[in-house]
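# Fold and contact review
Now for the letters of each chain:
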Amino acid sequence: MHLPLLLPAVLPPVLVGGLGTTQVLRGHGLWFDELYTVAVVDRPLGDVVGLVADGRGPTAWLTDPPAFNGPYYAVAWLWSRLPLVDLRSDGLDGLRGLSLLASVFAVAVLVRAVERLHGQAVALVAGLLAAAAPLMVVQSVQARPYGLALLATALALLGAVRVVQGGGVGLLAVAGGAAGLLHWFALPAVGGLALGTALVVRRKAPVLAVSVAALPVLGLVALALSHGASGGGYLTTTGLLVPVSALVAWTGGVLALPVVVAVALGARAAGPLAWAWIGVPVVLVTAVDLVRPVFVPRYLLPTLLGLAVVAALGAVGRRWLLVLLVVAGVVADVRALTRPRWERADQVAAFLLAEQRPGEPVVAVEGRSAAGLAVYAAPTRLGADLRYPPDDPPAGATRVWLVRQLARDGATVASDDDDLLRTDGLRLVRTELFRATKTDLAVQLWTR
């Protein structure tokens with residue numbers, strides 16, 4: 001087989017793998033969501049199942065239950081027990097490696113499915129657009145379920161293509177159910193695939209099969225909600241701007257206009273399969289967000305794959321548009337690859353390791369600070385001196401280190417730890433700030 005014929009199968013997966021590896025090699029430590037993953041997966045598998053079933057948090061300071069992503073934690077638990085995997089690593093030998101591997105296979109399966117439906121040229125462009133989408137670049141290495149959910153969604157697309165070409169609905173149903181279990185927001189995308197497939201073949205079987213496969217997902221949702229878990233207390237309403245916000249996040253902004261042009265040109269050739277894949281989740285999330293905030297751009301990553309397919313249909317055969325997409329994509333990816341740190345818990349631990357004297361208490365004021373210390377400080381000599389919430393600073397100490405999260409305006413969040421230290425005769429003498437884009441942390445030294 002000639003090399004050009006291999007390009008669609010090889011180049012897009014290699015691209016997402018290379019971009020993801022570049023992200024990991026920047027050495028950014030795990031941020032809070034990833035630290036939460038470690039806290040869950042670090043427990044015995046039976047405990048993980050118990051946390052999901054009972055609606056309990058993994059630690060005394062992380063009380064949000066893991067039911068939202070329970071199946072992902074089970075997969076991550078198995079991955080973390082492989083001989084060469086380091087659970088606490090922020091590199092490719094940790095949980096980020098699982099996500100990147102899944103993302104690589106997701107793009108490979110996407111290319112295969114699109115090739116069967118639209119040919120090699122469209123498959124190559126769709127794969128490259130999906131692989132190089134800035135949000136994909138960033139999320140492909142997160143120690144979260146997005147990579148696995150993308151892989152399951154791509155397999156559901158392959159199943160949909162098989163149905164369109166005269167096959168059964170088994171792969172569509174099984175992969176679609178798996179996608180929903182790995183991340184609930186993949187389910188509307190799979191539902192869109194099922195609806196689009198049904199419109200093409202003029203049969204109800206795809207919708208019925210996916211509906212049955214979705215029952216375990218709905219059961220998991222009901223279980224989480226029965227425990228009072230919402231998982232979205234930090235969200236604000238986006239409303240009718242959901243499609244715009246999603247597009248800007250997916251494309252990194254600079255790539256948005258070329259993608260819109262390509263989508264407009266490919267709209268007619270896309271057909272009901274692709275449009276239902278995109279339209280159902282976007283319309284559904286927009287409608288729900290008008291009532292209750294639920295939208296986060298990364299939640300709609302499975303829909304991004306469909307957008308890449310439609311854009312590819314419009315770009316193929318138009319060299320000027322392909323050049324524009326490449327140039328804008330390079331700029332967008334450079335921005336994504338040079339993004340600032342989201343959190344600096346690893347640097348907090350390194351600072352304490354250099355400055356703290358053995359025997360001096362290191363107290364995490366709240367859960368977000370404790371999560372970072374548990375991963376980066378506990379395995380070092382600092383572990384013997386760590387105090388996690390709800391523990392208070394010990395009385396009688398001469399020097400105490402407080403680690404705390406700052407409010408987004410930079411103000412220190414009030415804590416009874418401050419009052420206890422003052423009552424014990426200590427005063428604040430030093431503050432080191434560790435600012436980042438998602439979490440600002442501070443280390444304070446209190447002495448007599």
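As a reminder, the structure under discussion sits directly above these lines.
All of these numbers come straight from a predicted model, not from anything done at the bench.

### Digging into the overall build of the protein
Across its full length, the protein carries 19 helices and 5 strands. By the compact-globule yardstick of 22 Å for 448 residues, the protein fits well, its C-alpha radius of gyration being 24 Å. Its C-alpha atoms give the protein principal-axis dimensions of about 75 × 45 × 45 Å. Put simply, of all contacts in the protein between residues at least 6 apart along the chain, 78% involve residues at least 24 apart. Carbon and sulfur atoms form 65% of the exposed surface of the protein, whose accessible area is close to 18400 Å².

### Let's talk about the packing of helix H5 (residues 95-118) against helix H6 (residues 120-132)
Close contact between H5 and H6 brings their axes to 8 Å; oriented N to C, the two are set at 150°. On the basis of the axis angle, H5 is roughly antiparallel to H6. Pair H5 / H6 crosses with right-handed handedness. Contacts from Val107, Leu110, Val111, Val114, Glu115 and His118 of H5 reach H6 at Gln120, Val122, Ala123, Ala126, Gly127, Ala130 and Ala131. When its residues are assigned to classes, the contact of H5 with H6 shows 9 nonpolar, 3 polar and 1 charged.

### Concerning the nonpolar core
Grouped together as the largest cluster of nonpolar side chains are 144 residues, with contacts concentrated most on Leu352 and Leu373. Apart from the residues within four sequence positions on either side, leucine 373 is in contact with Val348, Leu352, Val362, Ala364, Ala378, Leu386, Tyr388 and Val403. Residues Val363, Val365, Leu402 and Leu421 belong to the second largest nonpolar core, which totals 8 residues.

### Points about helix H10 (residues 186-201)
Its 16 residues place the ends of H10 23 Å apart at the C-alpha level, agreeing with the 22 Å of an ideal helix rising 1.5 Å per residue. The buried fraction of H10 is high, at 12 of 16 residues. Of all the residues in H10, the buried ones are Ala186, Leu187, Pro188, Ala189, Val190, Gly192, Leu193, Ala194, Gly196, Thr197, Ala198 and Val201. In this structure, the buried residues of H10 make contact with helix H8 (146-164), helix H9 (170-182), helix H11 (205-213), helix H12 (215-226), helix H14 (256-291) and helix H15 (301-315). Just past H10, the residue arginine 202 takes up positive phi, approximately 60°.

### So, the pattern of salt bridges
Side chains bearing opposite charge may pair, as long as their charged atoms lie close to each other. Inspection of every chain in the model, using the stated rule, returns 14 salt bridges. A salt bridge links arginine 56 to aspartate 54, with the nearest nitrogen and oxygen atoms 3.4 Å apart. For arginine 56, a relative accessible area of 36% translates into the label partly exposed. Residue class for aspartate 54 comes out partly exposed when judged on its relative accessible area of 45%. Between aspartate 346 and arginine 341 there is a salt bridge whose closest N-O contact spans 3.4 Å. Neither aspartate 346 nor arginine 341 differs from the other in exposure class; each is buried. Among the charged side chains, a network of salt bridges with common partners joins Glu355, Arg430 and Glu432.

The rules behind these values
Residues numbered from 1 in each chain as written. Predicted model: local features only at pLDDT ≥ 70, side-chain atom pairs only at ≥ 80, totals over all residues. Heavy atoms only, no water. Helix = DSSP H or I, 4+ residues; strand = E, 2+ residues; numbered from the N terminus. Rg over C-alpha atoms; globule rule 2.2 N^0.38 Å. Contact = heavy atoms within 4.5 Å. Areas by Shrake-Rupley, 256 points an atom, 1.4 Å probe, with all protein chains shown as cover. Axes fitted to C-alpha atoms, helices over the stretch in contact; angles between N-to-C directions. Parallel < 35°, antiparallel > 145°, perpendicular 65-115°, else oblique. Left-handed = near helix turned anticlockwise from the far one by under 90°. Nonpolar A, V, L, I, M, F, W, Y, C, P; charged D, E, K, R; others polar. Core = buried A, V, L, I, M, F, W, Y, C linked by side-chain atoms within 4.5 Å. Buried < 20%, exposed > 50% of the residue type's maximum accessible area, 1.4 Å probe, protein only. Expected span 1.5 Å × (residues − 1). Salt bridge = Lys/Arg side-chain N within 4 Å of Asp/Glu carboxyl O.

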